[in-house]
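Working through the structure, step by step
Below, each chain spelled out in residue letters.
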Amino acid sequence: MLKYLGVIGYPLNRSLSPAFQQAALDHLRLDVEYQAWPTPEDALATRITTMRSPTVLGGNVTIPHKEAVLPLLDEVDPLAARIGAVNTIVNRDGRLYGYNTDAVGFMQGLQEDGGFEPAGRRAVIAGAGGAARAVVAALLEVGTRSITVINRTLSRANRLVADMAAFAGASELRALPEMYASWAAVIRSCDLLINCTSAGSSGSEEEPPVPLDLIRPSMLVYDLIYHPADTRLMTVARKAGASVIGGLPMLVYQGAASFELWTEENAPLDIMFEAARSAAGGELAEKGA
């Protein structure tokens, strides 16, 4: 019997998940179809209810539902609960389990594709949504020396820091408002700069939240956006001599972790990367570039 998976978000104009997840399912000859499920906020509860069907294995969750979906699930993995965001749902006999694979996807991309070890280093993060929460959790887990969260809405950044404070250990964790003075105070001493906002993505008219004149050659700039392949932040950072990594590795790695939760099969990473690049029309940079 044909089973289904899908990605829940709104809008879903440029999601690559259906392409690379379906390629992996087909490669392993699994009778499963992965679909895009555009779901506005007022339809989220209904969509989650339909996922209890025996024909649905589960799905991914993306912007803007990663936090809102938590109370609609039966159980939430401890890591996802700590992060306060779910990006993967697994249906087990009508009960829905929530997981967060963004954290492992982020870290795998940072270490394997960025060649960067964050333990003992200083990180600055733009944004305070679900992706930023996963990034902070991952960095705290490996002992990043200091993490500064800068967000347009300071109350949201403060809430993220308060939620993660119990897990900070020896790491310094703080929030600052999004203004030039905040960036100037921390970016000159940071080793890792991460954009967790949608600013700079295709279709977005927003400028990068980071003052581009502050980027230094000694830092790694990690933009979680994967379309376009080269955001303005990445282009300027590269010209400034900084190391740069885009969002494709994190996207595929987190998707691979989700794939293994649904299917209990090893994810064919090469197939997934190839399909993701192909679906983006060849715009995406080669892995590790």
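Above this text is the structure in question.
For every chain, the first residue of the written sequence is number 1, and numbering continues from 1 onward in sequence order. Reporting in this predicted model follows two pLDDT cut-offs: at least 70 for local features of residues, and 80 or more for side-chain atom pairs to be given and counted; totals over whole chains, interfaces and linings ignore these cut-offs and use all residues. The basis for every side-chain value is the complete set of non-hydrogen atoms in the structure, without hydrogens or water.

Considering the side chain of aspartate 113
Along the chain, the position of aspartate 113 falls in helix H4 (residues 102-113). The buried label goes to any residue with under 20% of its type's maximum accessible area, the exposed label to any with over 50%, and the partly exposed label to all in between, with areas taken from a 1.4 Å probe on protein chains only. Residue aspartate 113 is classed as buried on the basis of its relative accessible area, which comes to 11%. Pairs of N or O atoms are called polar contacts if they sit within 3.5 Å, as long as, within protein, a hydrogen donor faces a hydrogen acceptor (for residues adjacent in sequence, only side-chain-to-side-chain pairs). Separated by 2.8 Å, the side chains of aspartate 113 and tyrosine 253 make a polar contact. Labels follow the DSSP assignment, with helices taken as runs of H or I lasting at least four residues and strands as runs of E lasting at least two, numbered in each case from the N terminus.

Let's talk about the side chain of threonine 144
Here threonine 144 is to be found in the loop between helix H5 (130-141) and strand E8 (146-151). A relative accessible area of 1% means that threonine 144 is categorised as buried. Among the polar contacts listed, one links the side chain of threonine 144 to the backbone oxygen of leucine 139, at a separation of 2.9 Å. The contact rule is simple, with two residues in contact once any of their heavy atoms fall within 4.5 Å. Contact partners of threonine 144, with chain neighbours within four places excluded, come to Pro118, Ala119, Gly120, Arg121, Ala123, Leu139 and Ser171.

Looking at the sheet that holds strand E2 (residues 32-38)
The pairing criterion for strands is at least two bridges between them, as found by DSSP. Here we have six strands laid out as an open sheet, ordered E2-E1-E3-E5-E6-E4, and mixed in their pairing. Looking at which strands have only one partner, the edges of the open sheet turn out to be E2 and strand E4 (75-76). Packing of helix H1 (residues 17-27) onto the sheet brings it into contact with strand E1 (3-9), E2 and strand E3 (56-61), and relative to E2 it is tilted by some 170°. Angular values range over 0 to 180 degrees, each being the angle between N-to-C directions of two axes fitted as lines to C-alpha atoms, with helices fitted over their stretch in contact.

Considering the packing of H1 against helix H9 (residues 248-263)
Interhelical geometry of H1 versus H9 gives an angle of 45° and a closest axis separation of 11 Å. By the angle between their directions, the pair H1 and H9 is classed as oblique. Where H1 crosses over H9, the handedness of that crossing is right-handed. Residue-level contacts link Ser17, Phe20, Gln21, Ala24 and Leu25 of H1 to Leu251, Val252, Gly255, Phe259, Trp262 and Thr263 of H9. For classification purposes, angles smaller than 35 degrees are called roughly parallel, those larger than 145 roughly antiparallel, those between 65 and 115 roughly perpendicular, and all remaining angles oblique. The sense of a crossing depends on the near helix, which, turned anticlockwise from the far helix by less than a right angle, makes the crossing left-handed and, turned clockwise, makes it right-handed.

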